[in-house]
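# Topology and contacts: notes
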Amino acid sequence: MILQLTIFHIISFIISPISPPLASAQDIYGTAALHGCNSICGAVLIPFPFGMNKPHCYAHKWFEIECKVDNKTSSPFPKPYIKLLNLEATYFYEQSSMVEIMNPVYRSDCHKSKNSGNSDKTVTLKHSPFRFSQAYNTFLAVGCNNLAFLQSNGTTVGGCVSICDDNNNSNNFNFSSDGCNGWYCCKTSLPSRLSEFNATVRGLREQSNDGCGYALIASDYWVTLDSSYMSTDEIGRLNELKYKEYAPAVLEWEIKNYMLINSTFQLPPNCYDSNVTSLSNRTTGRQCQCSYLDEQQYSNPYVAGGCPEVGRYIVDKKQSNKWVIVGISSSFGSIGFLIGMWFLYKEIKRRMIKKRKEKIFKRNGGLLLQKRMSSGEVNVDRTTLFTLKDLKKATDNFNKDRVLGKGGQGTVYKGMLVDGKIVAVKKFKVEGNVEEFINEFVILSQINNRNIVKLLGCCLETEIPLLVYEFIPNGNLFEYLHDQNEDIPMTWDMRLRIATEVGGALFYLHSVASQPIYHRDVKSTNILLDEKYRAKLADFGASRIISIEATHLTTMVQGTFGYLDPEYFHTSQFTEKSDVYSFGVVLAELLTGKKPISSAEKSKESQSLASYFVQCMEENMLFDVIDKRITEGGEKEHIIVVANLAFRCLEMNGRKRPTMKEVTLELEGIMGLNKKLNAQQNHEEIEFSGIEQYQHYDGFSTSNSLPIDSSQTHSTDSEVMHILALE
């Protein structure tokens, strides 16, 4: 018995870390601020580059903290405020270069409330080193039957809808515990590098009695909105918004390059280039981070000597291990026994690592994925299970410089595999919520279409699941269309080809795949462009596979403003014609060059491209809205036919819309005629170079133009051209 106890204590001593004595308060907070500077305001620690009172205590005037008592509250304790922004700071995450601030809550229809809120306040971070964090914030709306819009620089950049029962006009919201999914509460992700915002909330009906509506940018630490479960405390916080003027939000910061010119302080060597405030991904500043963290010692990477000394820790540990070996050797006098103890330790460690990986694999949906693989739902031949080691090497340990983009689901990194293949690695944002991850993996593993982004595999060994896709180099259609790239202009031929390719991809999903698939989020930001500017449909996190017999899918309403099918919004029944409506909006974007949601010319109200386009078609004003960049290169008859096709896709009644098969056949017919006409015009230009080739568009009517029907695709070219030219 004594021998067993002795062995147990020796094993415990070997496998447990040797801990240094607890640090004192001076050790913990000694590196927070510069020497001679106060680092405490009320109950908040103020770390450098932030500081108070003296100019040398902060890196720049943008980081100056004013410690003052808020006269609006009864609290006698002072609070820190970022002076130039006049925003209260509640917590500093210096290791991540972030700060939590109190952000205004916007409200409407709260005339009976004593709290008027911040309806007229605009938060602006322009010219500052701060931006709202896209990864750790969410735009949130709470209320009954409300539309909430997130606006920046006079443009609507996001929004969502919260609904409830018509007979509920109470301000006590009955939130669903399965997350913020549109029932009394809705959410959407922020655009990247947001520097200015305000919010508006209005009812779905002109005359409504649905009580207050609230909109705000909220920190994910405050309410875990991306999880599938909301706790009682989180539900209580949302119900208390009626009493709140401010809620927590997270800002990212960087030390901007101009702040380092003629500066009295020098950044430590553990800093790297950053682009927090850049709109073009160029370097605009520096951020700092400790490569090693000690839980028992405070770390501030922005202060010289603020990071733990790794070398000293290793030396102390080696010295301690030496005395452990000497003690064991003295006690047992057997090198063989020590070797046995070492192998026992390694076996215990191996089992712990294996158990941890199994736990992570199970939490990330590995068991569900294995079940679907065995049932034939996942095509194993087309997918690979990557190791975390491979993907870390490919992305340079998920380096910030490799980030391609951030969204509501997570962050996408550019990587290069060992064989030299360039890939895109998607790192999901939230642990535990794996439904969208498994759904996207299962759907994309079954698809084989040249105009749909290809899934290469996944990794389930990490805390957060990873998906690996083919790399698409030229961004998305929204950026390319609205940024107006002058090097490669968006011609009519290119727009017609992209529309045909996307239509063909949706036709494949609806009718050719082994089981029908509804995409459910067709929009220009989800259409990627490869090296030859061919379209690739992406982002299948919201997609669903349905049975062949089913005619619709009943779900909680979700989607993107400007592309959302109004019939789906009213009935909660998503059909294949809902994807057709969203595709109609993309067609209208390609024809007009306008964004799906934009500010009206004569007012500040948001305007839907779909409704504006339909109005212009009905009033025979098509060429008042057509993008001038395509009228020079496109035949008017072809433009009118595509416009009529978009008009039919945007029908309010889903039954009157064409199917994606009919849409694709019409677009392919127009594209074929367009190619032959271009070839004929090139021949005529050589033979008759002095003759004008194009007619003017002024006064041309669209009221009598006919769309190409799928039954006409086998007609002779002359017959089809005759039909197209009818007026």
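About the cut-offs
Residues numbered from 1 in each chain as written. Predicted model: local features only at pLDDT ≥ 70, side-chain atom pairs only at ≥ 80, totals over all residues. Heavy atoms only, no water. 1 Å grid on protein atoms, 1.4 Å probe; cavity = no way out; pocket = protein on both sides within 12 Å on 5 of 7 lines; lining within 4 Å. Points joined across faces, edges and corners; volume = space filled by probe spheres on them. Helix = DSSP H or I, 4+ residues; strand = E, 2+ residues; numbered from the N terminus. Nonpolar A, V, L, I, M, F, W, Y, C, P; charged D, E, K, R; others polar. Core = buried A, V, L, I, M, F, W, Y, C linked by side-chain atoms within 4.5 Å. Buried < 20%, exposed > 50% of the residue type's maximum accessible area, 1.4 Å probe, protein only. Contact = heavy atoms within 4.5 Å. Pairing = 2+ DSSP bridges. pLDDT = per-residue confidence, 0-100. Expected span 1.5 Å × (residues − 1). Salt bridge = Lys/Arg side-chain N within 4 Å of Asp/Glu carboxyl O. Arc of directions from axis to C-beta. Polar contact = N/O pair within 3.5 Å; in protein donor to acceptor, adjacent residues only side chain to side chain.

The probe, sized like a water molecule, is rolled over the atoms to show the empty space still left. When its volume is computed, the second largest pocket comes out at roughly 770 Å³. Ranked by residues supplied to the lining of the second largest pocket, first place goes to helix α13 (residues 609-618) with four residues. When the residues that make up the lining of the second largest pocket are grouped by side-chain class, the tally is 16 nonpolar, seven polar and three charged.

Of all hydrophobic cores here, the largest spans 72 residues; its most connected members are Ile447, Ile452, Leu509, Leu591, Phe613 and Leu622. The element best represented in this core is helix α10 (residues 492-512), accounting for ten residues. Setting aside anything within four residues of it in sequence, one finds Ile452 in contact with Leu444, Ile447, Glu470, Ala505, Tyr508, Leu509, Lys536, Leu537 and Phe540. Counting residues in each nonpolar core, the second largest holds 46 residues, with Phe50, Met52, Phe63 and Leu87 among its members.

In this section: the pairing of strand β7 (residues 98-104). Most of β7 sits out of view: seven of its seven residues are buried. Taking every second residue as pointing to the same face, both faces of β7 are buried, with Met98, Glu100, Met102 and Pro104 on one and Val99, Ile101 and Asn103 on the other. Direction of pairing for strand β6 (residues 87-93) relative to β7: antiparallel, over a ladder of four bridges. By the bridge assignment for β7, Tyr93 is matched with Met98.

Strand order in the open sheet formed by six strands is β21-β25-β26-β24-β23-β22, with mixed pairing between adjacent strands. Lying at the two open borders of the sheet, with one neighbouring strand each, are β21 (384-385) and β22 (403-406).

Averaged over the chain, the pLDDT score is 77; the fraction of residues at 70 or greater is 71%. Long-range and interchain partners of residues 1-28, a stretch whose pLDDT sits below 50, account for 24 contacts in this model, where long-range means more than four residues apart. Between residues 688-727, whose pLDDT stays under 50, and residues either more than four places distant or in other chains, the model counts 65 contacts.

Moving on to helix α16 (residues 636-649). Spacing of three or four residues puts side chains on the same side of an α-helix, whose turn is 3.6 residues. Taking 1.5 Å per residue, 14 residues should reach 20 Å; α16 reaches 20 Å between its end C-alpha atoms and fits that length. Among the 14 residues in α16, twelve count as buried, and that is most of the element. All of the buried residues along α16 are Lys636, Glu637, His638, Ile639, Ile640, Val641, Val642, Ala643, Asn644, Leu645, Ala646 and Cys649.

Tallied over the full model, the rule gives twelve salt bridges. Here Arg286 and Asp273 are joined by a salt bridge, their closest N and O atoms 2.8 Å apart. On the criterion of sequence distance, the pair formed by Arg286 in strand β20 (residues 285-288) and Asp273 in strand β19 (residues 271-274) is long-range, its members being 13 residues apart. Of the residues examined, Arg286 reaches a relative accessible area of 23% and is grouped as partly exposed. Of the charged contacts in the structure, one is a salt bridge between Arg534 and Asp530, with a shortest N-O distance of 2.8 Å. Here Arg534 falls in the partly exposed class, since its relative accessible area comes to 34%. Since its relative accessible area comes to 2%, Asp530 is described here as buried. One network of salt bridges, with partners in common, ties together Arg495, Asp627 and Arg629.

Before going further, it helps to examine unusual backbone geometry. In this model, Phe48 is joined to Pro49 through a cis peptide bond whose omega is 20°. Mapping Pro49 onto the fold places it in the loop between β2 (44-45) and β3 (51-52). For His127, which is not glycine, the phi torsion reads 65° and is therefore positive. Judged by relative accessible area, His127 falls into the exposed class, the value being 65%. The phi dihedral of Asn153 is positive, around 55°, even though this residue is not glycine. Inspection of the secondary structure assignment puts Asn153 in the loop between β12 (146-152) and β13 (155-162). Accessibility expressed as a relative area gives 45% for Asn153, which makes it partly exposed.

Moving on, we come to α13. Listed in full, the buried residues belonging to α13 are Leu609, Ala610, Phe613, Val614, Cys616 and Met617. Taken end-on, α13 shows its buried residues confined to a sector of 160°, consistent with a single buried face. Its side-chain oxygen at 3.3 Å from the backbone nitrogen of Ala610, Ser608 defines the N-terminal cap of α13. Just downstream of α13, Asn620 is the residue with a positive phi angle, here 55°.

Further remarks concern the environment of Lys628. Considering the arrangement of structural elements, one finds Lys628 in helix α15 (residues 628-631). Note: C-alpha distance between Lys628 and Leu591 (37 residues apart in sequence) is 9.4 Å. A distance of 3.3 Å separates a polar side-chain atom of Lys628 from the backbone oxygen of Phe623.

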